[in-house]
Every structure is written in C-alpha cells, then in structure tokens.
Amino acid sequence: MKRSSSHRAAVAGRQVAMGLVVLVLLVAGVWSSWDAAHHIVLAKGREHGTVTVTGCGDATCTASFEPDAVSRDRGRVTVDRSVAAREGDRFPVVVKPGSDAVVRTGMPGFLHAWVPLGGAMLLAAFVIGGGLRMGRTAWGVGTAGAALLMATFVAL
C-alpha cells in the first residue's frame, strides 16, 4: 500500500518533535550539570583546599577550610548539602570565585556534578526508544546515563 504525502509529513513531524524533546532534555541536563562542573573542569587558577564538614543545615553544610600552598586562608566555607557531605567528612574542594562556597573535586566531585546529565540521559532514552523508534540508540543512551548514576553512587 502506498503511503500518502500527508502520512509521510505526519511521521516526519513526529520525528522532528521527538528529536526536539530529546535535544531539550539533554541540553537541560548539561546546563544543570555545568553550574557545578565548570568549577571542577576549569579549576586551573582557582583556590583549592580541603574541607572538614562541621555542621549541616537544610540546604548547605558549613566546613572548615584548609587551603593549599597558594590559596588564601578562609575561616568557614559552605558546601551544598547532599548525600556526599556529612558532618566529619573530609574532602578536596575548589572555591567558587567571589564567594565562600566550595565544590567537591576529584573523581567523586566530577561524577556528582554530572548527575543531572545522567538523569536527563535516562529520560531521553525513553523518548528515543518510544518516540523515535531507535531501540539500540535508546539502550546505549540509557545505559550510559545509568552507568554515570551508578558510578557516582559508588564513588560517593
């Protein structure tokens, strides 16, 4: 049976719409992740040190800061509260420019910063598989997102 041009246009429209949804999901994941990740990825020239978490509130934890050889001393800094920051924990950080807020560095910090992208990849996998009918690609994207989330869980 020959397909009509309107049917082909509808299929092409669905493909474009689903492709845009995938694009928006992935761009939002990168955008959310980049807020913390750029401090880790582009850490050259920033203040580095080690923190010891002294107390945690609802959204942030306070910590004492031990600077490296070239960074200035700070009395107290804040780190976003997460499962990775509990009272008494000690880990390397980089200071966000112009503030007393810090971001965890090293492999655990790097992975934790990219968690929003991992979640976006999992969501995008469903759209790729169901909306775009690209099963193998969906499995690849979903597996990569799940691997990122599992690696973060293990590292923290």
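In short, a report on the structure. (Residues numbered from 1 in each chain as written. Predicted model: local features only at pLDDT ≥ 70, side-chain atom pairs only at ≥ 80, totals over all residues. Heavy atoms only, no water.)

### Looking at the overall build of the chain
Of regular secondary structure, the chain possesses four helices and five strands. Secondary structure of the chain in N-to-C order comes out as α-β-β-β-β-β-α-α-α. Relative to the 2.2 N^0.38 estimate, which gives 15 Å for 156 residues, the radius of gyration of the chain is 21 Å and therefore markedly larger than a compact globule would have. Over its C-alpha atoms, taken along the principal directions, the chain stretches across nearly 75 × 30 × 25 Å. Within the span of the chain, comprising 156 residues, buried residues form 33% of the whole. In the chain, once contacts between residues fewer than 6 apart in sequence are set aside, the share between residues at least 24 apart is 55%. Per element, the accessible surface of the chain, about 9400 Å² overall, is 65% carbon and sulfur. Between the mean site of the 16 positive side-chain charges and the mean site of the 10 negative ones, the chain shows a separation of 22 Å. (Helix = DSSP H or I, 4+ residues; strand = E, 2+ residues; numbered from the N terminus. Rg over C-alpha atoms; globule rule 2.2 N^0.38 Å. Buried < 20%, exposed > 50% of the residue type's maximum accessible area, 1.4 Å probe, protein only. Contact = heavy atoms within 4.5 Å. Areas by Shrake-Rupley, 256 points an atom, 1.4 Å probe, with all protein chains shown as cover. Lys, Arg positive; Asp, Glu negative; His and termini not counted. Charge placed at Lys NZ, Arg CZ, Asp CG, Glu CD.)

### Regarding the sheet that holds strand S4 (residues 90-95)
Strand pairing within a sheet occurs via backbone hydrogen bonds; the two strands may be parallel or antiparallel. Pairing in this closed barrel of five strands is mixed, and the strands run S1-S2-S3-S5-S4 around the ring. Between one strand and the next, the sheet's axes are offset by a mean angle of 50°, whatever the strand orientation. Of the strand pairs in this sheet, strand S3 (residues 76-80) and strand S5 (residues 101-104) are connected by two bridges, and their pairing is parallel. Its bridge partner lying in S5, Val79 is registered against Val102. (Pairing = 2+ DSSP bridges. Axes fitted to C-alpha atoms, helices over the stretch in contact; angles between N-to-C directions.)

### Details of the layout of surface pockets
Here the largest pocket defines a volume of roughly 300 Å³. At the level of elements, helix H1 (5-41), S3, S5 and helix H2 (106-113) are the ones that each hand at least two residues to the lining of the largest pocket. Per element, the largest residue contribution to the lining of the largest pocket is five residues, and it comes from H1. When its residues are assigned to classes, the lining of the largest pocket shows eleven nonpolar, five polar and five charged. (1 Å grid on protein atoms, 1.4 Å probe; cavity = no way out; pocket = protein on both sides within 12 Å on 5 of 7 lines; lining within 4 Å. Points joined across faces, edges and corners; volume = space filled by probe spheres on them. Nonpolar A, V, L, I, M, F, W, Y, C, P; charged D, E, K, R; others polar.)

### Some points on the state of the cysteines
Going through the model one piece at a time under the given rule, you end up with one disulfide. One disulfide bridge connects Cys56 with Cys61, the sulfur atoms lying 2.1 Å from each other. Its torsion about the S-S bond being 100°, the disulfide of Cys56 and Cys61 is classed as right-handed. (Disulfide = S-S within 2.5 Å.)

### Some remarks on the packing of helix H3 (residues 115-130) against helix H4 (residues 135-155)
Two numbers describe how H3 lies on H4: the axes approach to 8 Å, and their chain directions differ by 160°. The angle between H3 and H4 places the two elements in the roughly antiparallel class. The two elements H3 and H4 meet at a crossing, and its hand is left-handed. For the pair H3 and H4, the contacting residues are Val115, Leu117, Gly118, Gly119, Met121, Leu122, Ala125, Ile128 and Gly129 in the first and Thr137, Ala138, Val141, Gly142, Ala144, Gly145, Ala146, Leu148, Leu149 and Thr152 in the second. Tallied by class, the residues present in the contact of H3 with H4 amount to twelve nonpolar, seven polar and no charged. (Parallel < 35°, antiparallel > 145°, perpendicular 65-115°, else oblique. Left-handed = near helix turned anticlockwise from the far one by under 90°.)

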